[in-house]
Amino acid sequence: MDKEEKEDIKKDIAKYSAISAILKTEGGRLLKEELEDELVSLINELISKYKTKTEDKLIPIIAGMDKTLKLLKKLTDSENGKTLAMEALKNSE
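Residues numbered from 1 in each chain as written. Predicted model: local features only at pLDDT ≥ 70, side-chain atom pairs only at ≥ 80, totals over all residues. Heavy atoms only, no water.

Let us now look at the overall build of the chain. The number of helices and strands found in the chain is 4 helices and 0 strands. Helices (α) and strands (β) of the chain occur, in sequence order from the N terminus, as α-α-α-α. For the chain, whose C-alpha radius of gyration is 18 Å, the value lies well above the compact-globule estimate of 12 Å for 93 residues. Considered along the principal axes of its C-alpha atoms, the chain spans approximately 60 × 30 × 15 Å. Out of the 93 residues in the chain, the part that is buried amounts to 24%. Residue pairs at least 24 apart in sequence account for 71% of intrachain contacts in the chain once pairs closer than 6 positions are excluded. Computed over 18 positive and 20 negative side-chain charges, the separation of the two mean positions in the chain equals 1 Å. (Helix = DSSP H or I, 4+ residues; strand = E, 2+ residues; numbered from the N terminus. Rg over C-alpha atoms; globule rule 2.2 N^0.38 Å. Buried < 20%, exposed > 50% of the residue type's maximum accessible area, 1.4 Å probe, protein only. Contact = heavy atoms within 4.5 Å. Lys, Arg positive; Asp, Glu negative; His and termini not counted. Charge placed at Lys NZ, Arg CZ, Asp CG, Glu CD.)

The next thing to look at is a negative patch on the surface. Residues Asp2, Glu4, Glu5, Asp8 and Asp12 make up a contiguous surface patch of negative charge. With respect to the element layout, Glu5 can be found in helix α1 (residues 3-23). (Patch = residues over 30% accessible without salt bridge, like charges linked within 9 Å, V, L, I, M, F, W, Y side chains within 5 Å. Areas by Shrake-Rupley, 256 points an atom, 1.4 Å probe, with all protein chains shown as cover. Salt bridge = Lys/Arg side-chain N within 4 Å of Asp/Glu carboxyl O.)

Turning next to the nonpolar core. Counting 11 residues, the largest nonpolar core is built from Ile19, Leu23, Leu35, Leu39, Leu42, Leu46, Leu58, Ile61, Met65, Leu72 and Leu75. It is helix α3 (residues 55-76) that contributes the most residues to this core, 5 residues altogether. When neighbours within four sequence positions are excluded, Leu42 is seen to be in contact with Ile61, Gly64, Met65 and Thr68. (Core = buried A, V, L, I, M, F, W, Y, C linked by side-chain atoms within 4.5 Å.)

This is how it looks when you write it as structure tokens:
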């Protein structure tokens, strides 16, 4: 592994550490709860409307689910991403 790749991994570790730190704060925990509540709400909305609404009415709901889920996943997967990046850096030495 060359020096540039190692620097990229170090940047990833810093990024994952910063994101992971958010969840360790009260605000981060509240944000996670809000995102989870929003996702449940969107799922419930989709379930209640999928039989009666047209595709153009369902797409915004699904897009909201996608966006919320991606953000939630990024927050909750940050610790695992940090661990994997640290292992990759260790194995490169």
